[in-house]
Amino acid sequence: MGFALAGVGLGWATGLFRITPEQYGLPEAAPGPLLPYLAAWTLIGLAAAGVLRAAAAKVPVYAPGVISLAVTGLGTRLSLGWRPEWPVLAGMAAAALAVAAGWSLMALRPVLGAKNARP
């Protein structure tokens, strides 16, 4: 949970120069409220972290927290600067969860292959 919240904070902090009012000639990236995007990426980050932690409960997973932090931070940064419509945000969420699931499947590959192996 901490890594997901840190990812949202990191995405917000790195996108701060595009969120604030115009300064030094850089206009705001997109108008609109920020809170729905921050809440959405918090939930997406928690879901990604949950997928990685579920795999880590079975086998050692390399850096599950770092993966959830990176996926959540990148998604938050893109969403705050661009403010996509909800279908596009859902696609971004699906991509983030696919990355988490793929990372988990790479860790689970020896376990899944051992169950299907013939003696």
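As shown above, the structure is provided for reference.
For the structure given in this document, a descriptive report is provided here.

Reading the values: rules and limits
- Residues numbered from 1 in each chain as written.
- Predicted model: local features only at pLDDT ≥ 70, side-chain atom pairs only at ≥ 80, totals over all residues.
- Heavy atoms only, no water.
- Helix = DSSP H or I, 4+ residues; strand = E, 2+ residues; numbered from the N terminus.
- Axes fitted to C-alpha atoms, helices over the stretch in contact; angles between N-to-C directions.
- Left-handed = near helix turned anticlockwise from the far one by under 90°.
- Contact = heavy atoms within 4.5 Å.
- Nonpolar A, V, L, I, M, F, W, Y, C, P; charged D, E, K, R; others polar.
- Patch = residues over 30% accessible without salt bridge, like charges linked within 9 Å, V, L, I, M, F, W, Y side chains within 5 Å.
- Areas by Shrake-Rupley, 256 points an atom, 1.4 Å probe, with all protein chains shown as cover.
- Salt bridge = Lys/Arg side-chain N within 4 Å of Asp/Glu carboxyl O.
- Core = buried A, V, L, I, M, F, W, Y, C linked by side-chain atoms within 4.5 Å.
- Buried < 20%, exposed > 50% of the residue type's maximum accessible area, 1.4 Å probe, protein only.
- Phe/Tyr/Trp six-rings, centres within 6.5 Å; stacked < 30°, edge-to-face > 60°.

## Notes on the environment of Y62
You can see Y62 is positioned in the loop between α3 (35-56) and α4 (64-82). Along the chain, Y62 and M106 lie 44 residues apart, while their C-alpha atoms are 9.8 Å from each other.

## Some details on the packing of helix α1 (residues 2-14) against α4
Two measures define how a pair of helices packs: the angle their axes make with one another and the distance between the axes. The N-to-C vectors of α1 and α4 enclose an angle of 35 degrees; their axes lie 7 Å apart at closest approach. Considering the relative orientation of α1 and α4, their crossing is right-handed. Contacts between α1 and α4 involve F3, A4, A6, G7, V8, L10, G11, W12 and T14 from the first element and G65, V66, S68, L69, T72, G73, T76, R77 and L80 from the second. Partitioning the contact of α1 with α4 into residue classes produces 9 nonpolar, 8 polar and 1 charged.

## What to know about a nonpolar patch on the surface
A grouping of M1, L5, L43 and L46 is seen on the molecular surface, where their side chains present a nonpolar patch of about 420 Å² in accessible area. Of note, M1 is situated in the segment before α1.

## Digging into the nonpolar core
If you look at the biggest cluster of nonpolar residues, it comprises 17 residues, and the most contacted ones within it are W41, I44, L80, L89 and A96. Only α3, α4 and α5 (86-116) provide two or more residues apiece to this core. No other element matches α3, which puts 7 residues into this core. By size, the runner-up hydrophobic cluster in this structure holds 5 residues, among which are A55, V59, A107 and L108.

## Considerations on the packing of aromatic side chains
Overall, the coordinates contain 1 aromatic pair when judged by the stated rule. Ring centres 5.5 Å apart and planes at 10 degrees place the aromatic pair Y37 and W86 in the stacked group. Here W86 lies in helix α5 and Y37 lies in helix α3, a separation of 49 residues in the sequence.

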